[in-house]
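Residues per chain, in single letters:
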Amino acid sequence: MFTDSSTELQPLVLPELPYAYNALEPCIAEEIMRLHHTKHHQAYVNNFNAALEKFKKAESEQNVAEVLFLQKALNFNGGGHLNHSLFWTSLLPPQDFRPLQEGALFKKIEETWGSFENFEQEWVKSGLGIQGSGWSWLSYCPQSKHLSLQTTSNQDPLSNLGYIPLCGIDVWEHAYYLQYKNDRGSYIKALLKCLNWSEIEKRFNKAVG
Ligand code: MN3
């Protein structure tokens, strides 16, 4: 992502998807994936970069009011970029899906929610409970060393709350409405069959250190 060795924050670049736009069918339709990546995620990247440029100018002009004003746009669009970048790499084609059945993350999930099935049900409930647009997260707290399901509104990054995101489910309507209409629950259940658990487990192992 960084184009030189400077420590100054560089403009964001839309990451490529690690699979084709139709690869998550029938769980997620090609049209959704294409729009979600090329329009929605691209817009977060573009808008973050525009805000970043204004931020650098305001900073150089010692314009504190403008620096503060730009925080909202940076948080929203930068969060949108971080959240979606993690989202794409949390998914894989349904035919490649391998359920999580062993290992440290599996054990921690069983310890936390009693059973993996119960954990999945709670994750669906968490996503259904979000009012308006937002994300439902499987998260790790480095202070308490606990797993939990957290929710965030709009594009707020989970790291703002002090948690490490292991996997987020996008419950904005743009993520499912073309295919699932108002049935957010069926979308979340379908998405649970496209999760890349080996990638999520790597994030957990890194988080626990
Ligand atoms: Mn989205």
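*Asks:* How should the packing of aromatic side chains be read in this particular structure?
*Replies:* In this description, an aromatic ring pair is defined by two values, namely the gap between the centres and the angle between the planes. As enumerated under the stated definition, the model contains 14 aromatic pairs in all. Taking the centre distance of 5.6 Å and the plane angle of 70° together, the rings of F116 and W197 count as edge-to-face. With a gap of 81 residues between them, F116 in helix α5 (residues 116-128) and W197 in helix α8 (residues 197-208) connect regions that are remote in the sequence. The class for F116 is buried, based on a relative accessible area of 8%. Arranged with centres 5.4 Å apart and planes meeting at 35°, the rings of F119 and W123 form a pair that is tilted. Of this pair, F119 and W123 both sit in helix α5, separated by 4 residues, roughly a single helical turn. The class for F119 is buried, based on a relative accessible area of 0%. Take W123: its relative accessible area is 0%, and that puts it in the buried class. Connected via pairs of aromatic rings, a cluster forms that spans F106, W113, F116, F119, W123 and W197.

*Asks:* Is there a simple way to think about the packing of α5 against helix α7 (residues 184-191) in this case?
*Replies:* Think of two packed helices as two axes; the pair is described by the angle between the axes and how far apart they sit. Viewed as axis vectors pointing N to C, α5 and α7 meet at an angle of 140°, and their least axial separation amounts to 9 Å. Judged on the interaxial angle alone, α7 and α5 are oblique. Note that α5 runs across α7; the crossing there is right-handed. Of the residues in α7, those in contact with V124, G127 and L128 of α5 are R184, G185, I188 and K189.

Rules used in this analysis
- Residues numbered from 1 in each chain as written.
- Predicted model: local features only at pLDDT ≥ 70, side-chain atom pairs only at ≥ 80, totals over all residues.
- Heavy atoms only, no water.
- Phe/Tyr/Trp six-rings, centres within 6.5 Å; stacked < 30°, edge-to-face > 60°.
- Helix = DSSP H or I, 4+ residues; strand = E, 2+ residues; numbered from the N terminus.
- Buried < 20%, exposed > 50% of the residue type's maximum accessible area, 1.4 Å probe, protein only.
- Axes fitted to C-alpha atoms, helices over the stretch in contact; angles between N-to-C directions.
- Parallel < 35°, antiparallel > 145°, perpendicular 65-115°, else oblique.
- Left-handed = near helix turned anticlockwise from the far one by under 90°.
- Contact = heavy atoms within 4.5 Å.

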